[in-house]
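In case you want the letters, here they are:
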Amino acid sequence: MLCSKYSDFTKWVIYQIYPRSFMDSNGDGIGDLQGVISKLDYIKELGANAVWLCPCFKSPNEDNGYDVADYCDIMDEFGTMADMDQLIDELHKRSMKLILDLVPNHTSTDHVWFRESRKGKDNPYSDFYYWFDVPPNDWESSFGGSAWQYDEMRGQYYLHTFAVGQADLNWENPAVVKAMQDVVDFWVDKGCDGFRIDVIDCISKDLPNDRNGLGPRLHEYIRALFGREKTAHLFTVGEGHTNEIDDIVLHCAHDRNELSTLFIFDHMECGRSDKFTPKDEGLRALRDYLVYWQNETDKRDLLYSLFIENHDQPQMISRIGNDRELRYESATCIATMLYLLKGVPFIYQGQEIGMPAAHYDSIDDFDDVECLGAYRKYRRTLSEEEALEKVNFGSRDNARHPMAWDDSKNCGFTDDGCEPWLINHSRAKEINVKNDLNSKKSVYRFYQELLKLRAGNDVLRDGNVEVISKPEDEFFAYIRSLNDEKWMVICNFGKEQVIELPSDCEEPVLANLERKTSDGLYRPYECAVAKMIC
Ligand code: ISL
Ligand code: CA
């Protein structure tokens, strides 16, 4: 049996960085690796001990790095391999881990594999991609339009599940499997500690048949990457799109030698009826998903990924919380709800200062390839104003604006004299790291306390979870227990109310508002964590 890989991962706290938007070190308006290095202490002091970097490999940036042109080289704008070596070194010096973003489903059409492949049917790369004389099905690209693109040079169609510049690799070809193993090994040799794997469940396809769930050889391919002696120690989190527990077991059960964990996405639908349409619901919706998945993963001893934000999602706080008057309360209450459950925490850049969604008045202020496609579609039936509302609500740009470090013109992300690659966050002057740290209601400091508590407390990390609030309650209360020790976590939703708890607790060691245990009144989004008197 290859892995003892699961036991320690609940001690990891992973901070996700979108490098393009995190910190610019050289005044060209684009975040870079030196920028990341300059902020490692900020991340460590928050309480994270691992960094997941979104793709930082050579890329023409049709989809911000998810179109990789060379997996073993660094994107020009982000720096050099020397910068990456230094970053790995600086992380390890701080006892922090590095998780890279592996994109195995597709390459950029600028990748040398594709450039060779399109030349004809008889070169070593000719079968690296899916080529057909006529599209064998009517699949649509996730970003709109047909998923099949005619290539003049080759005189055939190739598959692109995402943008036209992202050609799907043909994993049926053993040379593709080998090439991707080499990529993984290259980074493991450099000291990379784990991978987030982009759209992992897309890599096996059943062509020319229609898409019918997970491809037939998926597990074989995952094991080819991560079930080997060389890779068994890695932390691996797959970006999957299944919500079926049986599929998740097949990916993540201990004896499968596949992945450490999988992002499960259904709770990300909280507060919306589709990607671009809001739905009026609050923290209760999130609680229901969390309770369900805690039960399911616990029963099967699977590692659950605790996350509510990433670079593809408009901020959760704006959908289910109050991101105006009660922004601090909402942000800290949601964090408490989530991160004291069982699993491995992920924090997306800006979440730790309670950054909400942004808002703009012109489509010219948007960049995200997905939302521009959606805008064009909406404009066929909606007014400009209505279509803009849709895009403001659902655009992935929400999570991709430059990180707001202070309240200067370019919010400390880049020199004030230059243009950031994407417009500054519309609320950056008000909400930024500097203002947050100066505030009595600092979301960052609350996160610090929360993560410190979790780090030093086996019960809150690994203990059993017992939910004591009822489904109809407008609050969430759960007990974590291990051996004879018990801790209570109480999170009130949007309304003020008296919450009667079944047993006695000591004074809370963590709360987002000042409170006493004797007082049963909870204000909106108030939360508290206390040791129980057993
Ligand atoms: O972003 C989404 C919804 O808005 C998702 O459907 C997303 O497209 C899907 O989760 C795949 O995402 C990943 O691969 C894409 C890339 O654009 C995303 O940034 C990445 O997270 C293609 O590589
Ligand atoms: Ca730069």
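Calculation notes
Residues numbered from 1 in each chain as written. Chains lettered and ligands numbered in written order. Predicted model: local features only at pLDDT ≥ 70, side-chain atom pairs only at ≥ 80, totals over all residues. Heavy atoms only, no water. Helix = DSSP H or I, 4+ residues; strand = E, 2+ residues; numbered from the N terminus. Rg over C-alpha atoms; globule rule 2.2 N^0.38 Å. Buried < 20%, exposed > 50% of the residue type's maximum accessible area, 1.4 Å probe, protein only. Contact = heavy atoms within 4.5 Å. Areas by Shrake-Rupley, 256 points an atom, 1.4 Å probe, with all protein chains shown as cover. Lys, Arg positive; Asp, Glu negative; His and termini not counted. Charge placed at Lys NZ, Arg CZ, Asp CG, Glu CD. Donors = N, O, S within 2.8 Å, 3.2 Å for Na, K, Ca; no water. Patch = residues over 30% accessible without salt bridge, like charges linked within 9 Å, V, L, I, M, F, W, Y side chains within 5 Å. Salt bridge = Lys/Arg side-chain N within 4 Å of Asp/Glu carboxyl O. Disulfide = S-S within 2.5 Å. Axes fitted to C-alpha atoms, helices over the stretch in contact; angles between N-to-C directions. Parallel < 35°, antiparallel > 145°, perpendicular 65-115°, else oblique. Nonpolar A, V, L, I, M, F, W, Y, C, P; charged D, E, K, R; others polar. Domains from an automatic or database assignment. Pairing = 2+ DSSP bridges. Phe/Tyr/Trp six-rings, centres within 6.5 Å; stacked < 30°, edge-to-face > 60°.

## Quick word on the overall build of the protein
Line of reasoning, step 1. Each helix and strand counted, the protein has 15 helices and 24 strands in total.
Line of reasoning, step 2. Here the protein has a C-alpha radius of gyration of 23 Å; the compact-globule value for 534 residues is 24 Å, and the two agree.
Line of reasoning, step 3. Principal axes of the C-alpha set define a box for the protein whose edges measure 80 × 55 × 50 Å.
Line of reasoning, step 4. When each of the 534 residues of the protein is scored for burial, the buried share is 61%.
Line of reasoning, step 5. A fraction of 69% describes how many contacts in the protein between residues 6 or more apart in sequence connect residues 24 or more apart.
Line of reasoning, step 6. For the protein, the exposed surface amounts to about 20700 Å²; the carbon and sulfur share of it is 46%.
Line of reasoning, step 7. Taking the 60 positively charged and 95 negatively charged side chains of the protein as two groups, their mean positions are separated by 2 Å.

## A short note on the coordination of the calcium ion (ligand 2)
Line of reasoning, step 1. Here the calcium ion (ligand 2) is held by the protein donor atoms Asp24 (OD), Asn26 (OD1), Asp28 (OD), Ile30 (O) and Asp32 (OD), which lie 2.2 to 2.3 Å from it.
Line of reasoning, step 2. Given a relative accessible area of 4%, Asp24 falls into the buried group.

## A short note on helix α12 (residues 384-394)
Side chains that are three or four residues apart share a direction in an α-helix, a result of its 3.6 residues per turn.
Line of reasoning, step 1. Among all positions in α12, only Ala387, Leu388, Lys390, Val391, Asn392, Phe393 and Gly394 are buried.
Line of reasoning, step 2. The elements touched by buried residues of α12 are β14 (272-274), β15 (277-278), α9 (316-320) and α11 (369-379).

## Overview of a negative patch on the surface
Line of reasoning, step 1. Together, Asp361, Glu384, Glu385, Glu386 and Glu389 give the surface a local cluster of negative charge.
Line of reasoning, step 2. Assignment of secondary structure puts Glu389 in helix α12.
Line of reasoning, step 3. The partly exposed category is assigned to Glu389, whose relative accessible area is 45%.

## What about the state of the cysteines?
Line of reasoning, step 1. Inspection of the entire model under this criterion finds zero disulfides.
Line of reasoning, step 2. Take Cys56: it sits in no disulfide, and the sulfur closest to it among the cysteines is that of Cys54, at 9.2 Å.
Line of reasoning, step 3. Cys192 carries a free sulfur, and the closest cysteine sulfur to it, the one in Cys56, is 9.5 Å from it.
Line of reasoning, step 4. Take Cys192: its relative accessible area is 3%, and that puts it in the buried class.

## Section: the pattern of salt bridges
Line of reasoning, step 1. Tallied over the entire structure, the rule returns 42 salt bridges.
Line of reasoning, step 2. Taking the shortest distance from any N to any O, the salt bridge between Asp189 and Lys230 comes out at 2.6 Å. Of this pair, Asp189 sits in helix α5 (residues 174-190) while Lys230 sits in the loop between α6 (218-226) and β12 (235-239), placing them 41 residues apart in sequence.
Line of reasoning, step 3. Notably, a salt bridge pairs Arg427 with Glu430, separated by 3.0 Å at the nearest N-O pair.

## Here we look at the packing of helix α8 (residues 283-299) against helix α10 (residues 327-339)
Line of reasoning, step 1. Between α8 and α10, the shortest axis-to-axis distance is 11 Å and the interhelical angle comes to 10°. Here α8 is positioned roughly parallel relative to α10, judged by the angle of their axes. Residue-level inspection shows Leu283, Leu286, Arg287 and Leu290 of α8 in contact with α10, the latter providing Cys333, Ile334, Met337 and Leu338.
Line of reasoning, step 2. Here the residues of the contact of α8 with α10 are counted per class, giving seven nonpolar, no polar and one charged.

## Description of the domain arrangement of the protein
Line of reasoning, step 1. The domains assigned to the protein are domain 1 (112-168) and domain 2 (463-531).
Line of reasoning, step 2. Put simply, the middle of domain 1 and the middle of domain 2, counted by C-alpha atoms, are 54 Å apart.

## Things to note about the sheet that holds strand β22 (residues 510-511)
Line of reasoning, step 1. On the basis of which strands lie adjacent, the open sheet formed by five strands has the order β18-β19-β20-β24-β22 and antiparallel pairing. Taken across any chain shown, the strands that pair with only one partner, and hence form the sheet edges, are β18 (464-467) and β22.
Line of reasoning, step 2. Sheet analysis places strand β19 (residues 475-482) next to strand β20 (residues 485-492), joined by eight bridges and oriented antiparallel. Residue Tyr478 lies in a different strand from β20, and its bridge partner there is Val489.
Line of reasoning, step 3. Contacts from α10 reach β19, β20 and β24 (527-531), with the element oriented near 145° to β20.

## Details of the packing of helix α3 (residues 81-93) against α5
Line of reasoning, step 1. Contact geometry for α3 and α5: axes closest at 10 Å, N-to-C directions at 55°. Considered as vectors, α3 and α5 are oriented oblique to each other. Here Met81, Met84, Asp85 and Ile88 of α3 lie close against α5, whose contacting residues are Phe186, Trp187 and Lys190.
Line of reasoning, step 2. Residue classes in the contact of α3 with α5 are distributed as five nonpolar, no polar and two charged.

## Points about the packing of aromatic side chains
Line of reasoning, step 1. Considering all chains together, one arrives at 33 aromatic pairs under this definition.
Line of reasoning, step 2. Both rings, one in Trp113 and one in Phe128, keep their centres 5.3 Å apart while their planes meet at 65°; by these two values the pair is edge-to-face. In this pair, Trp113 sits in helix α4 (residues 112-117) while Phe128 sits in the loop between α4 and β7 (131-132), placing the two residues 15 residues apart along the sequence. Across the pair, exposure class does not vary: Trp113 and Phe128 are buried alike.
Line of reasoning, step 3. Residues Phe114 and Tyr158 carry aromatic rings whose centres are separated by 5.0 Å and whose planes lie at 75° to one another, so their mutual orientation is edge-to-face. Note that Phe114 is positioned in helix α4 and Tyr158 in strand β9 (residues 156-159), a separation of 44 residues in sequence.
Line of reasoning, step 4. Take Tyr158: its relative accessible area is 4%, and that puts it in the buried class.
Line of reasoning, step 5. Taken together, the ring pairs in this structure connect Phe9, Trp12, Trp52, Phe235, Phe263, Phe265, Phe307 and Phe346 into an aromatic cluster.

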